[in-house]
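Structural description and commentary
Each chain, letter by letter, is given below.
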Amino acid sequence: MTADTPGGLPRWQRAYVVTCLAILGGAFAYWLPAWAQAPILTYLPLERRWTFDPKDHAPTIVYFGLLLWGACGAVAGAALGAAFGRLWRRPLPAPVLRLLAAWAVTGFVLTGWYYTWNLWPF
């Protein structure tokens, strides 16, 4: 349990915070375009082109655009976690670490359930 800097977060806790915030940021960003109706990079397979404005084309593939949103959110979450890990001056208590993991798992599961519900044949 050594830290790189005296009095700072231990290295394993920094990695833990970065990982949890990357998962949470990726899950939130993957879900965000559906909620905020933000533009999504869309592939039109019949026309063999990419667009942010698919209009009334059918069929469309938005999966790659959603992955791009999720990857950007994961990078932003990891950067936020890295900044927090550098600025925080003492080790985090176990309840905070458990809560952070619970948020990350909950965000991941709820995002998966949201898209599963949208694909469900109702």
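Here the residue index of a chain counts from 1 through its sequence in written order. With the structure being a predicted model, the display of local features is reserved for residues of pLDDT at least 70 and the display and counting of side-chain atom pairs for 80 or more, all residues being used for whole-chain, interface and lining totals. The side-chain numbers reported here are obtained from all heavy atoms of the structure, hydrogens and water having been left aside.

Moving on, we get to the pattern of salt bridges. Salt-bridge detection follows one rule: a side-chain nitrogen of Lys or Arg within 4 Å of a carboxyl oxygen of Asp or Glu. The tally for this structure, following the rule as stated, stands at two salt bridges. We note a salt bridge from R49 to E47, for which the minimum N-O separation is 2.7 Å. For R49, a relative accessible area of 34% puts it in the partly exposed group. Residue D53 is joined to K55 by a salt bridge in which the shortest nitrogen-to-oxygen separation is 3.0 Å. A residue is classified by how much of its surface remains accessible, and D53, at 43% relative accessible area, is partly exposed. Residue exposure (1.4 Å probe, protein chains only): buried if accessible area is under 20% of the type maximum, exposed if over 50%, otherwise partly exposed. Looking at K55, the relative accessible area reads 62%, which means it is exposed.

One can find T111 in helix α3 (residues 94-119). Beyond its immediate chain neighbours, meaning those up to four positions away, T111 contacts A27, Y30 and W31. Comment: elements are numbered from the N terminus, with helices defined as DSSP H or I runs of at least four residues and strands as E runs of at least two. The contact definition used throughout considers only heavy atoms, calling two residues in contact when any of these lie within 4.5 Å.

For Phe, Tyr and Trp, where Trp contributes only its six-membered ring, two rings pair if their centres lie within 6.5 Å, and the inter-plane angle classes them as stacked under 30 degrees, edge-to-face over 60, or tilted in between. Considering all chains together, one arrives at nine aromatic pairs under this definition. Summarising the aromatic geometry, the rings of W12 and Y16 are spaced 6.4 Å apart at their centres and angled 70° between planes, so their arrangement reads as edge-to-face. Of this pair, W12 and Y16 both sit in helix α1 (residues 11-36), four residues apart, roughly one helical turn. An aromatic cluster is built from Y43, W50, Y63 and F64, whose rings are joined through pairwise contacts.

Let us look at the side chain of T42. Relative to the helices and strands, T42 is located in strand β1 (residues 42-44). For T42, a relative accessible area of 2% corresponds to the buried category. A polar side-chain atom of T42 sits 2.9 Å from the main-chain carbonyl oxygen of I40. Apart from residues lying up to four places away in sequence, T42 is in contact with R49, W50, T51, P54, T60, I61 and V62. Side-chain atoms alone can form a polar contact between residues adjacent in sequence; in general such a contact is a pair of N or O atoms within 3.5 Å, and within protein one must be able to donate a hydrogen while the other accepts it.

Counting through the fold element by element, Y114 comes out in helix α3. Y114 sits in the partly exposed class, given a relative accessible area of 28%. Considering only alpha carbons, one finds Y114 and W31, 83 residues apart in sequence, at a separation of 8.0 Å. Y114 has contacts with W31 and A34, leaving out every residue within four places of it along the chain.

Moving on, we come to unusual backbone geometry. Positive phi, close to 55°, is recorded for R48, a residue that is not glycine. Looking at where R48 falls in the secondary structure, it is placed in the loop between β1 and β2 (49-51). By relative accessible area, which is 71% here, R48 ends up exposed. The backbone of K55 sits at a positive phi, close to 50°, despite the residue not being glycine. Along the chain, the position of K55 falls in the loop between β2 and α2 (63-87).

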